[in-house]
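# Observations on the three-dimensional arrangement
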Amino acid sequence: MTTSPVLDRPNTPRVWRLPGVYRPQEDSFLLARALHDAGGAQDAKVLDFCTGSGFLAITAAKAGAGAVTALDISRRAVLTARANALSRRLPISVLRGSLDKAVEHGPFDVVLSNPPYVPVDGEGKDPRWDAGPDGRSVLDPLCDSLPTLLSPDGFALLVHSEFTGVEETLERVQAAGLAGSVVARERIPFGPVLQRRLSYLQEVELAERGVDSEEVVVIRAARI
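The paragraphs below set out a description of the structure included in this document. Being a predicted model, the structure only gives us computed values, none of them experimental.

Taking burial as the measure, the six residues of strand S4 (residues 67-72) include five buried ones, the bulk of the element. Traced from strand S3 (residues 45-49) through helix H2 (residues 55-62) to S4, the parallel crossover comes out right-handed. In this sheet, strand S5 (residues 92-96) lies alongside S4 in parallel orientation, the contact comprising five bridges. Each bridged residue has a counterpart across the sheet, and for Thr-69 the counterpart in S5 is Ser-93.

Next comes the structure, spelled out in structure tokens:
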């Protein structure tokens, strides 16, 4: 198995990645900080949905979670997250599957997700980050499932770009009977993926001409 070590930020977990597994970056770090600001996950039952390398699952486990379930549809991601969890002897169960599998193992006190959310026109799709014409092919079903996934006092933290539609997510959360709010935001320069998608974003009027950065937000959802 060929892997490469990545030190993603000072004071963040060092994770190993198989080729093709999403690298933790600014959106991952923003979500990790939001979890810390929310009081962490002490003794909580946590779900990391679309876990990728397992970065957020590791963050939750190191923050004192009682049990963590990390879920991804990618075999490479599952192998990577398992290796990262086992090397730390952390209480993380890494499973391959989608929302049905998450519901099967719930409910959870904390749901974390950095799902694929980049809008794409249907060509050159990459499941690590692309999520349909509006970027919501994973996010919408996740929002709809939160009432089932969350324990009575549980909460969810979801991260995505402004181009995915912040108001749309808040409305979707509220339509599911939950209270939603933006709890963190950060403007970051376009990376290689957004640069490749820019012409499409402008074509469908998700991004203005001349823009070279995006705002990434964390949305909190909880029962009213």
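Another point: unusual backbone geometry. The omega torsion of the bond from Gly-106 to Pro-107 falls at 0°, within 30 degrees of zero and hence cis. Summarising the element assignment, Pro-107 is placed in the loop between helix H4 (99-105) and strand S6 (108-113). Positive phi, normally seen in glycine, also occurs at Asp-43, with a value near 65°. If you trace the backbone, Asp-43 turns up in the loop between helix H1 (26-37) and S3.

Moving on: the side chain of Ser-151. Residue position: Ser-151 is located in strand S7 (residues 150-161). You can call Ser-151 buried: its relative accessible area is 10%. Look past the residues within four positions of Ser-151 in its chain and what remains in contact with it is Pro-107, Phe-108, Asp-109 and Arg-223.

Quick look at helix H3 (residues 75-88) now. In this model H3 runs 20 Å from its N-terminal to its C-terminal C-alpha over 14 residues, within 8% of the 20 Å that 1.5 Å per residue would give. Along H3, the residues classified as buried are Ala-77, Val-78, Thr-80, Ala-81, Asn-84 and Ala-85. Down the axis of H3, the buried side of the element spans an arc of 165°, and every buried residue falls inside it. Turned more than 90 degrees off the buried face of H3, the exposed positions are Arg-75, Leu-86 and Ser-87. Among the structural elements, strand S2 (15-17), H2, S4 and S5 are those in contact with the buried residues of H3.

Bringing H2 into the picture now. Given 3.6 residues per helical turn, the α-helix brings residues three or four places apart onto the same face. A large share of H2 lies buried, amounting to seven of its eight residues. Among the residues of H2, those classed as buried are Phe-55, Leu-56, Ala-57, Ile-58, Thr-59, Ala-60 and Ala-61. Downstream of H2 by a residue or two, Gly-64 has a phi angle that is positive, lying close to 100°.

For the rest of this paragraph, the subject is the nonpolar core. Core analysis: the largest hydrophobic core is formed by 45 residues, its most contacted members being Val-46, Val-68, Ile-92, Leu-112, Leu-157 and Val-218. Setting aside its immediate chain neighbours within four residues, Val-218 contacts Leu-30, Leu-31, Ala-34, Leu-157, Leu-158, Val-159, Ser-181, Val-182, Val-183 and Ala-184.

Tracing the backbone shows His-160 in strand S7. Within the structure, the side chain of His-160 is placed 2.8 Å from the side chain of Thr-169, a separation counted as a polar contact. Excluding residues that lie within four positions of it along the chain, His-160 makes contacts with Tyr-117, Leu-139, Gly-165, Val-166, Thr-169, Glu-215, Val-216, Val-217 and Ile-219.

Definitions and cut-offs
Residues numbered from 1 in each chain as written. Predicted model: local features only at pLDDT ≥ 70, side-chain atom pairs only at ≥ 80, totals over all residues. Heavy atoms only, no water. Buried < 20%, exposed > 50% of the residue type's maximum accessible area, 1.4 Å probe, protein only. Helix = DSSP H or I, 4+ residues; strand = E, 2+ residues; numbered from the N terminus. Right-handed = clockwise from strand over helix to strand, strands pointing away. Pairing = 2+ DSSP bridges. Contact = heavy atoms within 4.5 Å. Expected span 1.5 Å × (residues − 1). Arc of directions from axis to C-beta. Core = buried A, V, L, I, M, F, W, Y, C linked by side-chain atoms within 4.5 Å. Polar contact = N/O pair within 3.5 Å; in protein donor to acceptor, adjacent residues only side chain to side chain.

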